[in-house]
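Each chain, written out:
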Amino acid sequence: NRKPNIGDYDIYSFTITKWLEWDKVIQDLTIIILDSKTKSPISNAKVKLKLQDELILDLVTNSKGEAFGSIEGNKKYAIEASAFMFNDKIDYLDTSSKKFDKVTKIINLDAAACVEKIKGIVRNKNTQAPIENAKIIIQDSKGELITSVLTNNLGEYETLVPCGKIIFLRVNKA
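Since the structure is predicted, the reported quantities are computational estimates derived from the model, not experimental observations.

Caption draft 1: Spotlight on unusual backbone geometry. Positive phi, close to 60°, is recorded for Asn 44, a residue that is not glycine. Structurally, Asn 44 can be placed in the loop between strand 1 (26–35) and strand 2 (46–51). Even without glycine at this site, Asp 53 takes up a positive phi of about 70°. The residue Asp 53 is located in the loop between strand 2 and strand 3 (54–60) in this model. We classify Asp 53 as exposed; its relative accessible area is 74%.

This is the structure:
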């Protein structure tokens, strides 16, 4: 309280002490998907982060096997990881013990134990002529893309799919 200066009171500093609410803290998440045998990164792996069955993030890994997102702290997430020619895996991430602004989760996927070759010919419904460059889209029972392939000049296609999966084929004419 100094009268000759501007105002009656000068405040130089103050401190407010408050506990952080970790469930309101946003954390940067990095998920790394690796081949469990070679430890090589898996690109184009699909990563779904769920909280009590609600989809929070739907990501795809880059060439380094990394996927990025932001999540709330103090939660328990389920992570569904899948990649072509690898077995799907569900893992978990508990951020309640991670009091940091960056969280990294590494998930190792096992290569599919076996693969099956599928092949066929795409023909015009009316003329039975082969269709060149038709795109065959192969999906799993959840509608997720497994792979895609183009037909050759004879309308033929051939590709590998993991064993034991129910698959659906869709043909798109180019």
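Right, picking up where we left off after that structure.
Caption draft 2: Representation of the sheet that holds strand 1. The mixed open sheet is built from 3 strands, whose spatial order is 4-1-7. Each end of this open sheet is capped by a strand with a single partner; those strands are strand 4 (66–72) and strand 7 (102–109). Averaged over all adjacent pairs, the angle separating strand axes in this sheet is 25°, with direction ignored. Bridge count between strand 1 and strand 7: 8 bridges; the pairing is parallel. The partner of Asp 28 across the bridge, within strand 7, is Lys 102.

Caption draft 3: Expanded view of the nonpolar core. Formed by 21 residues in total, the largest nonpolar core has its most connected members in Leu 29, Ile 31, Ile 33, Leu 49 and Leu 109. Setting aside chain neighbours within four positions, we find Ile 33 in contact with Ser 40, Pro 41, Ile 42, Ala 45, Val 47, Thr 61, Gly 65, Ala 81, Ile 107 and Leu 109. Formed by 10 residues, the second largest nonpolar core is a distinct cluster that contains Val 122, Ile 146, Val 149 and Val 161.

Caption draft 4: Seen up close, the pattern of salt bridges. Following the criterion strictly, the structure yields 7 salt bridges and no others. Here Asp 88 ties to Lys 165 by a salt bridge, and the two come within 3.5 Å at their closest N and O atoms. With Asp 88 in the loop between strand 5 (76–82) and strand 6 (89–94) and Lys 165 in the loop between strand 11 (156–162) and strand 12 (167–172), the pair connects residues that are 77 residues apart, well separated along the chain. In this structure, the salt-bridge partner of Lys 105 is Asp 91, at a minimum N-O distance of 3.6 Å. One end of the pair, Lys 105, is in strand 7; the other, Asp 91, is in strand 6, with 14 residues separating them in the sequence. Residue class for Lys 105 comes out buried when judged on its relative accessible area of 17%. Taking relative accessible area as the criterion, Asp 91 reaches 18% and is therefore assigned buried.

Rules and cut-offs
- Residues numbered from 1 in each chain as written.
- Predicted model: local features only at pLDDT ≥ 70, side-chain atom pairs only at ≥ 80, totals over all residues.
- Heavy atoms only, no water.
- Helix = DSSP H or I, 4+ residues; strand = E, 2+ residues; numbered from the N terminus.
- Buried < 20%, exposed > 50% of the residue type's maximum accessible area, 1.4 Å probe, protein only.
- Pairing = 2+ DSSP bridges.
- Axes fitted to C-alpha atoms, helices over the stretch in contact; angles between N-to-C directions.
- Core = buried A, V, L, I, M, F, W, Y, C linked by side-chain atoms within 4.5 Å.
- Contact = heavy atoms within 4.5 Å.
- Salt bridge = Lys/Arg side-chain N within 4 Å of Asp/Glu carboxyl O.

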